Each structure stands twice: as structure tokens, then as C-alpha cells.
Amino acid sequence: MTATAPAAEATVRKSSPGTARGPRRRTGRLRRVGLPYLLLLPALLLELLVHLVPMVIGIVMSFKELTQFYIRDWSTAPWAGLDNYSVSVDFDAPVGKALLHSFLVTVAFTVLSVGLCWLIGTAAAVFMQDTFRGRGLLRALFLVPYALPVYAAVITWVFMFQHDNGLVNHVLHDQLGLTDKPSFWLIGDNSFVALLTVSVWKGWPFAFLIVMAGLQNIPRELYEAAALDGAGMVQQLRRITLPSLRPVNQVLVLVLFLWTFNDFNTPYVLFGKSAPGAADLISVHIYQASFVTWNFGTGSAMSVLLLLFLLVVTGVYLALTSRGRRTAQ
């Protein structure tokens, strides 16, 4: 008994530091794990205040009969239920028919703008891969439209599209003689072409920047081996460049789609509060339905429908692209 007691006491003394270090280790681990979330907390709170709270308020407003008579205290507006949504999707009525027209114009505009931005940006990025004199200066010039403030750039285009003294008509009609008479670019059917031109001019440098960054990750040895095997420029583009850029292009197309579909600054600065029918994008249409006719309930319902459409399209796109990546692997 006397021989075993000191051994037991020694064992207890040896094990006690370990038991003391256990809670300290857990506390240190919790601090290390919780510190990133603590640092992110201010940004999350600001995100909640700036985005989520107005979004929730807009959804609530879409269920109310909120007109100019209840702007002072919009919470007292009578409850409308789904009436605002039914008016918005009634495509036989004037409101729904106008919204459907604006939606179709926005879809056509988005498809053309995103496609041209991606095509021009990719072509410029591939061209810039080769080393030549003045490449750095040319890269900087390509990024100027993306670096300029939106309002300054679009207002410049407004002056260029003027009927009597605009640069576009001066070049097309006076210098090149491509048109019989000066065209009206900010009204009528030509307004869609003008809006598309400004959008592509403003957006393709972003595609160029992203694709150029993605090309830096493609090993040059692949092109050298393909050239030794007799592959030309077109075959290298199809077999090496585009497959290697697939993850980059998937994100790029999604970002361009969301930016273009929701674009408000470009048509608003280009045409003002009332855009022509040919360039009536849904963002400006919702603004008119809300702040021009003072029917905030219907405008909020249109905004919620737009949000749901973008969420569905984004979800389907991400599901298809992720399935394609799994199949490729």
C-alpha cells in the first residue's frame, strides 16, 4: 500500500498539466475559429442594412396598394394581397402588356450585349497574348471605357448621337456617305442600336480583363506542343484556349448577364426618364411604374418578379455549369 501511493500521486501530478492544457487548447481553438467571423460581422451588418432590409421592405410594399396618397406613411396603405402581381402578369391589360414588351426588349438587349462583350473581349485578350511593341499602351487604352465613370461616358455618347451636330452622323453620313440622311439615334427604332453600342463599348473591357487574366494560367508548353504537332491558330483556340477558359467564361457570362439585365444607369442617362419603346429596358420601366406614375405597389411587385426571374435563371445556369464540370471530370 505504501509503495503504490507515491506512484499514484506522481501519476496524478503528471496528468494534471495535461488536463489544464485541454481547456486552454479548446479556448485557443475557439478564438482562432471565431476570429474570422468576428471580423466579418461589421461587413455582414452593413450588408444587412444596405441590401436585405430594403429588399424585405420592397417585398412588403408589393403586397400593399401604395400610391401617392400614402407616401407620407406607407405603412397605412391598404393591403392589396396579390392584386399588384396579377396586374403585372395580366398580359392582355395595358400594364402587363407593357411589362412583357419591356421584358422581351431586355432579353434581346442582354443576349446581344453579353455575346458581343464576350466575343470582343476574348478576341482582344487572345490578340494581346503575343508580345509586340506598344502592347502595354494598347492594354491601357482598351481599359479606358471600363475605367471611365458611367455618367461621364454615357453623356459623351449622348452628344455623339445628336441628330444635327453629332459625331456619329457626321462620320456615317457626311464622311462615309453610308446613310441617305442623318439618323435619329436617341428616338425610334435606332435607339436600341444606340443603347447596344454604348453597352458593348462600356462592357467589353471587363470581359477583356477577365479573359486576359485567365489566359495567364494556361501553360505556354501546350501551345508549343500543339504547334509542333501541326495545329494552327484556330485549332489551338478550339482545343486549348476555349476549354481552358471554360471556368472563367462561366463566371464571366453570369456576371455580365446580371449586370446587363439590371443596367439602369446607361438607359437612364442616355434617354432620360422616358425611354423609347425600342429601348424600354425593364429597369427603366419599373422606375417609371414606381416614380413617374407614383404606383409604388405595382412597381415593387414588378421588382420582386424580376428578382425571382434572375434567381431562377442563375440557379438553372449554375446547375447546368456544375453538371458540365462534373461530366468533364
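Source: prediction; values computed, not measured.

Cut-off values and rules
Residues numbered from 1 in each chain as written. Predicted model: local features only at pLDDT ≥ 70, side-chain atom pairs only at ≥ 80, totals over all residues. Heavy atoms only, no water. Helix = DSSP H or I, 4+ residues; strand = E, 2+ residues; numbered from the N terminus. Buried < 20%, exposed > 50% of the residue type's maximum accessible area, 1.4 Å probe, protein only. Contact = heavy atoms within 4.5 Å. Areas by Shrake-Rupley, 256 points an atom, 1.4 Å probe, with all protein chains shown as cover. Core = buried A, V, L, I, M, F, W, Y, C linked by side-chain atoms within 4.5 Å. Phe/Tyr/Trp six-rings, centres within 6.5 Å; stacked < 30°, edge-to-face > 60°. Polar contact = N/O pair within 3.5 Å; in protein donor to acceptor, adjacent residues only side chain to side chain. Axes fitted to C-alpha atoms, helices over the stretch in contact; angles between N-to-C directions. Parallel < 35°, antiparallel > 145°, perpendicular 65-115°, else oblique. Left-handed = near helix turned anticlockwise from the far one by under 90°. Nonpolar A, V, L, I, M, F, W, Y, C, P; charged D, E, K, R; others polar. pLDDT = per-residue confidence, 0-100.

### Looking at the overall build of the protein chain
Point 1. Counting secondary structure elements, the protein chain contains 14 helices and 0 strands.
Point 2. Moving toward the C terminus, one meets the helices and strands of the protein chain in the order α-α-α-α-α-α-α-α-α-α-α-α-α-α.
Point 3. Counting all 329 residues of the protein chain, 33% fall into the buried class.
Point 4. For the protein chain, contacts bridging at least 24 residues in sequence account for 66% of all contacts bridging at least 6.
Point 5. Summed over its atoms, the accessible surface of the protein chain is roughly 20600 Å², and 68% of this surface lies on carbon and sulfur atoms.

### Looking at the environment of Ala123
Point 1. Summarising the element assignment, Ala123 is placed in helix H3 (residues 94–127).
Point 2. Residue classification places Ala123 among the partly exposed positions, given a relative accessible area of 47%.
Point 3. Between the C-alpha atoms of Ala123 and Phe208, which are 85 residues apart in sequence, the distance is 8.1 Å.

### Re the nonpolar core
Point 1. In terms of nonpolar packing, the biggest core is built from 43 residues, with Phe161, Leu195, Phe208, Leu256, Leu270 and Phe271 touching the most fellow members.
Point 2. Listing elements by their share of this core, those giving two or more residues are H3, helix H6 (150–160), helix H8 (190–215), helix H9 (220–228), helix H11 (246–261) and helix H12 (265–271).
Point 3. Not counting the four nearest positions on each side in its chain, Leu195 is found in contact with Phe109, Thr266, Pro267, Leu270, Phe271, Ala279 and Leu281.
Point 4. Ranked by size, the runner-up nonpolar core spans 9 residues in total, among them Phe257, Phe261, Ile282 and Ile286.

### Overview of the packing of aromatic side chains
The geometry of an aromatic ring pair is captured by the separation of the ring centres together with the interplanar angle, meaning the angle of the planes.
Point 1. Going through the model one piece at a time under the given rule, you end up with 21 aromatic pairs.
Point 2. Relative to Phe296, the ring of Trp294 lies with its centre 6.0 Å away and its plane at 75°, an arrangement referred to as edge-to-face.
Point 3. Following the ring pairs from residue to residue traces out a cluster consisting of Phe264, Tyr268, Tyr287, Phe291, Trp294 and Phe296.

### Some remarks on the side chain of Asn249
Point 1. Its location among the elements puts Asn249 in helix H11.
Point 2. Residue Asn249 is classed as buried on the basis of its relative accessible area of 11%.
Point 3. Of note is the side chain of Asn249, whose polar atom sits 2.9 Å from the side chain of Trp118.

### Focus: the environment of Asn249
Point 1. Separated by 127 residues in the primary sequence, Asn249 and Thr122 have C-alpha atoms spaced 9.5 Å apart.
Point 2. For Asn249, the contacting residues outside a window of four places in its chain are Trp118, Val211 and Tyr317.

### Observations concerning the packing of H3 against H8
Two measures define how a pair of helices packs: the angle their axes make with one another and the distance between the axes.
Point 1. Running from N to C, H3 and H8 point in directions that differ by 40°, and their axes come no closer than 6 Å. The angle between the axes of H3 and H8 places the two elements in the oblique class. Between H3 and H8 lies a crossing whose hand is right-handed.
Point 2. The residue makeup of the contact of H3 with H8, split by class, is 21 nonpolar, 5 polar and no charged.

### Observations regarding the confidence of the model for the protein chain
Point 1. Confidence in the prediction for the protein chain averages 85 pLDDT; 89% of positions are at 70 or higher.
Point 2. Confidence, read as mean pLDDT per element, is least for helix H1 (residues 4–61) in the protein chain (70) and greatest for H3 (94).

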